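# Results of the structural survey
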Amino acid sequence: MSVFYKIVFSLTVAALACSILTIMLSGMAQAGPYLLAFFGLLALSLQAYPQTKSFSYTVVIFAAAAMALYYPALFISYGSFKYATLIIPLIQLIMFGMGTSMHYTDFLGVLKAPKGILIGVVSHFIIMPLLGFSIATLSIKLTGMPAEIAAGIILIGCCPNGMASNVVSYLAKANLALSVTITSISTILSPLVTPFLMNLLAGPLIEIDPWLMVADIFKMVMIPIALGLLFSSVAKGRANPLKKVMPTISMGGIICIIIIITAAGRESLLKVGLVLTVLVLIHNIGGYLLGYWSAKLFRMEERDCRTIAIEVGMQNGGMAAGLAKGMGKIGTLGLAPVIFSTLMNITGSLLASYWHKKPPAHSAEANCKESVPNNTA
């Protein structure tokens with residue numbers, strides 16, 4: 001460890017000690033500056049080692065959420081301008097970045113490996129919505145969770161995969177080609193499948209306008225992705241500089257979305273935050289487990305089982321947040337997607353680290369030429 005990182009690590013420990021001491025003496029409400037300093041320094045400290053570097057982004061997300069909780073007024077509006085207005089443009093920018101990282105050959109994978117893609121896409125759109133519906137229904141009955149907040153669990157379950165799943169698949173030594181294709185196909189199907197599932201499962205809890213949701217998905221997801229694909233195809237090699245910078249821009253966009261939604265839903269989050277976090281974690285981990293064993297049930301090889309587990313368990317939280325904004329319920333319906341996005345980065349990183357140390361048995365598909373995709377979920 002260099003001298004710089006030793007200093008940063010010492011400051012991290014000092015900030016943590018100040019946070020704990022302040023909480024013990026004055027309460028959690030007074031610990032904001034120290035907690036923010038701790039998260040910021042911790043994120044920087046994690047850059048010291050390749051093994052911990054991937055966790056930096058997750059810690060930054062925690063810092064962003066903490067900042068919004070402690071200083072919500074800064075992130076709700078500036079004069080008459082509401083920061084929530086930025087959510088949809090930010091999602092469009094993220095989806096454009098996703099489009100630049102995709103290629104028409106991603107969709108040709110359907111012809112090469114229809115079984116794996118069919119199992120992956122169908123499992124995704126069956127397991128996560130039904131699991132989300134079950135968790136949401138039980139949470140209302142057993143914990144008194146407000147219906148609009150509980151419906152957010154269903155919403156995140158009805159959305160397609162995010163590109164973060166492709167990065168996790170790569171790190172986990174799963175089948176990256178299959179991962180990218182499942183993400184692409186589930187995204188293409190989302191304008192039809194997501195509104196239908198939300199209307200079916202969440203209709204009894206909140207008012208759903210399926211056609212408005214279809215329009216929002218096209219506006220937020222499909223058109224930006226199509227423009228990204230078109231730009232990448234036309235620009236070809238000249239698009240490489242943009243492709244390199246888009247993951248960083250996308251991650252920044254996700255952090256901004258998390259800050260805005262956390263600030264808008266602060267009061268609700270303080271009331272149900274711990275319970276909602278536990279429920280969303282169950283949803284996420286349940287998706288990994290059920291996805292993995294659904295692939296095992298069809299006797300798929302280990303690499304493909306890992307891929308489908310990741311594709312089922314990881315969702316497009318940005319899209320879910322945008323749909324919540326479109327419905328005018330960003331401070332309630334949008335809370336579960338924000339928490340899910342944060343937790344899936346943690347669980348996905350841990351799962352990738354675990355599987356990376358346990359290479360799957362060699363297969364013919366292992367010889368496929370693969371490259372690291374953008375982390376834009």
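Refer to the preceding data block for the structure.
Reading guide: rules and limits
- Residues numbered from 1 in each chain as written.
- Predicted model: local features only at pLDDT ≥ 70, side-chain atom pairs only at ≥ 80, totals over all residues.
- Heavy atoms only, no water.
- Phe/Tyr/Trp six-rings, centres within 6.5 Å; stacked < 30°, edge-to-face > 60°.
- Buried < 20%, exposed > 50% of the residue type's maximum accessible area, 1.4 Å probe, protein only.
- Core = buried A, V, L, I, M, F, W, Y, C linked by side-chain atoms within 4.5 Å.
- Helix = DSSP H or I, 4+ residues; strand = E, 2+ residues; numbered from the N terminus.
- Contact = heavy atoms within 4.5 Å.
- Axes fitted to C-alpha atoms, helices over the stretch in contact; angles between N-to-C directions.
- Left-handed = near helix turned anticlockwise from the far one by under 90°.
- Nonpolar A, V, L, I, M, F, W, Y, C, P; charged D, E, K, R; others polar.
- Patch = residues over 30% accessible without salt bridge, like charges linked within 9 Å, V, L, I, M, F, W, Y side chains within 5 Å.
- Areas by Shrake-Rupley, 256 points an atom, 1.4 Å probe, with all protein chains shown as cover.
- Salt bridge = Lys/Arg side-chain N within 4 Å of Asp/Glu carboxyl O.

Bringing the packing of aromatic side chains into the picture now. Here the structure, examined in full by the defined rule, presents eight aromatic pairs. Between the aromatic rings of F4 and Y5, the centroid separation amounts to 5.2 Å while the plane-to-plane angle is 70°, which identifies the pairing as edge-to-face. A residue is classified by how much of its surface remains accessible, and F4, at 48% relative accessible area, is partly exposed. Take Y5: its relative accessible area is 21%, and that puts it in the partly exposed class. With 5.4 Å between their ring centres and 85° between their planes, Y292 and W293 make a pair best called edge-to-face. Of the residues examined, W293 reaches a relative accessible area of 55% and is grouped as exposed. Among the aromatic residues, ring-to-ring pairing joins F38, F39 and F62 into one connected group.

Counting residues in each nonpolar core, the largest one holds 93 residues, and the members touching the most others are L155, M198, V221, I261, L276 and L323. Among the elements that take part in this core, helix α16 (residues 335–356) stands out by supplying 10 residues, more than any other. Excluding its chain neighbours within four sequence positions, the residues that come into contact with L155 are M198, A320, L323, A324, L333 and P337. By size, the runner-up hydrophobic cluster in this structure holds 10 residues, among which are L36, F55, V59 and A66.

Our next topic: the packing of helix α10 (residues 176–201) against helix α14 (residues 302–313). It is at 9 Å that the axes of α10 and α14 come closest, and there the two elements cross at 30°. Between α10 and α14 lies a crossing of right-handed hand. On α14, the residues that touch L178, S179, I182 and T183 of α10 are D304, T307, I308 and E311. For the contact of α10 with α14, the residue count by class is three nonpolar, three polar and two charged.

Within the secondary structure, S169 is located in helix α9 (residues 164–171). Classification of S169 as buried rests on a relative accessible area of 0%. Look past the residues within four positions of S169 in its chain and what remains in contact with it is A174, S179, T307, I310 and E311.

Here we take up a nonpolar patch on the surface. A surface patch of nonpolar side chains, about 540 Å² in accessible area, is lined by L16, I20, L21, M24 and L25. Within the fold, L25 resides in helix α1 (residues 3–26).

Mapped onto the secondary structure, Y34 falls in helix α2 (residues 32–45). Given the relative accessible area of 37%, Y34 is considered partly exposed. As a C-alpha pair, Y34 and F62 span 28 residues in sequence and 13 Å in three-dimensional space. In this structure, Y34 is in contact with A15, C18, S19 and T22, ignoring residues within four places of it in sequence.

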